[in-house]
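The lines below spell out each chain.
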Amino acid sequence: MFEAEFPRLVRIERLLQRQDYAALETLVVKEMPRQLLSEETLDAARLLRQNATVVFLASLAAENLPKPFRFKAWLAVYQSIANGAPTAELGALPGRHPLRLIAEAVVRKTAVDAAVLKNGHGPLDDWCHAAELAIDQQRFDLLEQIVRELVRRKPGVQDWLRFTQALIARHNHIPQTADTVALGRAYSCIRDHLIARLPAVDKVRSRLALYISQCHFRAGDYAGAIEAARHATSADHRIHAAFDTARAHCFSGDLDQALVWMDQVLELQCARGPVQTPQPATEAHAGQAPKQDKGPPKKIFDPVQASGALLDLQNALEPIGKKAFLVSGTLLGFHREGGLLAHDKDIDVGIIGWEDQYEVVNALLQSGRFGMDLRRLHGHKTYHVPVRHIGTGVSIDIFVYHEEGGKLVTGVQSEFGYLQKFAFTPFGLEKTGFLGIEFYVPDDIERNLAENFGNWRQSDPDYISHLQSPSTVDVGGKVFQIVGRIRALEAINAGKLEKLSRVIQIMTEHQHHPGGMSPHILELLQTAYDQRTVAEVA
């Protein structure tokens, strides 16, 4: 709904930040015939929290459109947000206008007095806009207040559906780091009061159950997530609910149930084909193979930007005595190709020892050049810390190596909830030239690559590192079995038939381990492969 607007909005925001007004004027003239001054475009800018762009577009609309009232209202709201205090223009809106009441609470960082909200007055669209503002500014407590006030007013089914659709349109754009406890309560409140024997209502209630489950999950309430997902009964939502249930079981430590539910996901997926299926996030790992998909990459990794990011990383860590070194696909690219691999999308580095992780993270943050999610730090359980270079947007996966059982062990702390470990022969470090700077690498690169990739000298576009890496710990174990199911799902969704075939082969070899794939699931996967192969040939 919004994605088509994002590219031009991102360009406008960047030009505003750079104060490049000549280029901005050129862009505006070019985009004006494409409904640049539309409520849909402004809505997308609001969703992206591009405050400067919202003010800019609303100002243009206020000056150039014949009926600019809504644009003027949004201009007053976002000027107030930018100023950190309500402006006179916001005060000029009707005193009981729902958008004004919520905007004042956002700016003042307070709740809305229940009696004041009770006196709020305006059509449903005004309440929808107030709710959108609360979501966009991550003030889910205010959204909950709005929902409870609407419950008191007893809107009809069609009004509830309109209001809920406004929330649904924004749900997938809420940052993963947001605290969504109040959002889950708001969704639950709507679901409790949206009751009618209508297919449209059943579908919305099912979607709300799915979203409520996700809110419980983000809050760490895995039992609540599993219970809520049970009510996502629409055919369109069952596979998502099964996936979310499997993930919640994995996070709670119940790998057996995670495997049971992932098998349900695969059954549903094989039955319906590669459409609208949850895509598990692809986790980085110190044994990850480079991306070598057919066709041009979506994004070419800029060596200059990568070099700048590595140099800033090195400069931040050297004063505290930590040596970052190339690993995984970045090390492979350095040694086999003499640079970055063509399809790389991030940089892989390692550090030895978990004990100094907080000092490392503090050094990176204090440099002002890196951002990260501090929730990825788990003390002695930390094996992987993803960071982002602010200046270039380059992602860097920092793998933390632990000394365990005479090996150097790192791992993947998956967004699905498991920890998969990879063990390497201990190594020293030496400096070498890479992308125009001096950087550390393992002192026996070829042994490290062989332990990581096996036959690293030969490109293998269908290599599945988390299942095939010689460094994998506990091959065939329950974590391995979960990874196999996730890779099968990814291969089906992406239409990567050769990868699916390889997953089937590997999982067949390990089917007799605890949690191994049953003959039934393996047969379903083989049938899915055969059907898609025939369709591709046809």
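Residues numbered from 1 in each chain as written. Predicted model: local features only at pLDDT ≥ 70, side-chain atom pairs only at ≥ 80, totals over all residues. Heavy atoms only, no water.

A. Fine view of the state of the cysteines. Evaluation of the coordinates by the stated rule reveals zero disulfides. In this structure cysteine 189 is a free cysteine whose sulfur lies 14 Å from that of cysteine 215, the closest cysteine sulfur available. (Disulfide = S-S within 2.5 Å.)

B. Expanded view of helix α4 (residues 51–64). Here α4 spans 20 Å end to end across 14 residues, near enough to the 20 Å set by a 1.5 Å rise per residue. Among all positions of α4, only Thr53, Val54, Val55, Phe56, Leu57, Ala58, Ala61 and Ala62 are buried. Where the residues of α4 are buried, they touch α1 (6–18), α2 (21–31), α3 (39–47) and α5 (69–83). (Helix = DSSP H or I, 4+ residues; strand = E, 2+ residues; numbered from the N terminus. Expected span 1.5 Å × (residues − 1). Buried < 20%, exposed > 50% of the residue type's maximum accessible area, 1.4 Å probe, protein only. Contact = heavy atoms within 4.5 Å.)

C. Fine view of the nonpolar core. One finds Val77, Ile102, Leu133, Leu143, Phe163 and Tyr187 to be the most contacted residues of the largest nonpolar core, which totals 76 residues. Residue contacts for valine 77: discarding those within four places in its chain leaves Leu90, Leu99, Ala103 and Leu133. Residues Ile351, Val385, Val394 and Phe453 belong to the second largest nonpolar core, which totals 37 residues. (Core = buried A, V, L, I, M, F, W, Y, C linked by side-chain atoms within 4.5 Å.)

D. View of the packing of aromatic side chains. Enumeration over the complete set of coordinates arrives at 13 aromatic pairs. Their ring planes at 50° and their centres at 5.6 Å tell us that phenylalanine 325 and tyrosine 401 sit as a pair that is tilted. Taken together, the positions of phenylalanine 325 in strand β1 (residues 325–326) and tyrosine 401 in strand β5 (residues 395–404) put the pair 76 residues apart, joining distant regions of the chain. Taken individually, phenylalanine 325 and tyrosine 401 each receive the classification buried, so the pair is uniform in this respect. Counting every residue linked through ring pairs, the aromatic cluster contains Phe325, Tyr401, Phe424 and Phe427. Lying over the aromatic face of phenylalanine 217, arginine 247 brings its terminal NZ or CZ to 4.0 Å of the ring centre. (Phe/Tyr/Trp six-rings, centres within 6.5 Å; stacked < 30°, edge-to-face > 60°. Lys NZ or Arg CZ within 6 Å of the ring centre and 35° of its normal.)

E. Broad picture of the packing of α3 against α4. Contact geometry for α3 and α4: axes closest at 8 Å, N-to-C directions at 160°. By the angle between their directions, the pair α3 and α4 is classed as roughly antiparallel. Where α3 crosses over α4, the two elements pack in a sense that is left-handed. Along the contact surface, α3 presents Thr41, Leu42, Ala45 and Arg46, while α4 presents Thr53, Val54, Leu57 and Ala58. Its residues assigned to classes, the contact of α3 with α4 shows five nonpolar, two polar and one charged. (Axes fitted to C-alpha atoms, helices over the stretch in contact; angles between N-to-C directions. Parallel < 35°, antiparallel > 145°, perpendicular 65-115°, else oblique. Left-handed = near helix turned anticlockwise from the far one by under 90°. Nonpolar A, V, L, I, M, F, W, Y, C, P; charged D, E, K, R; others polar.)

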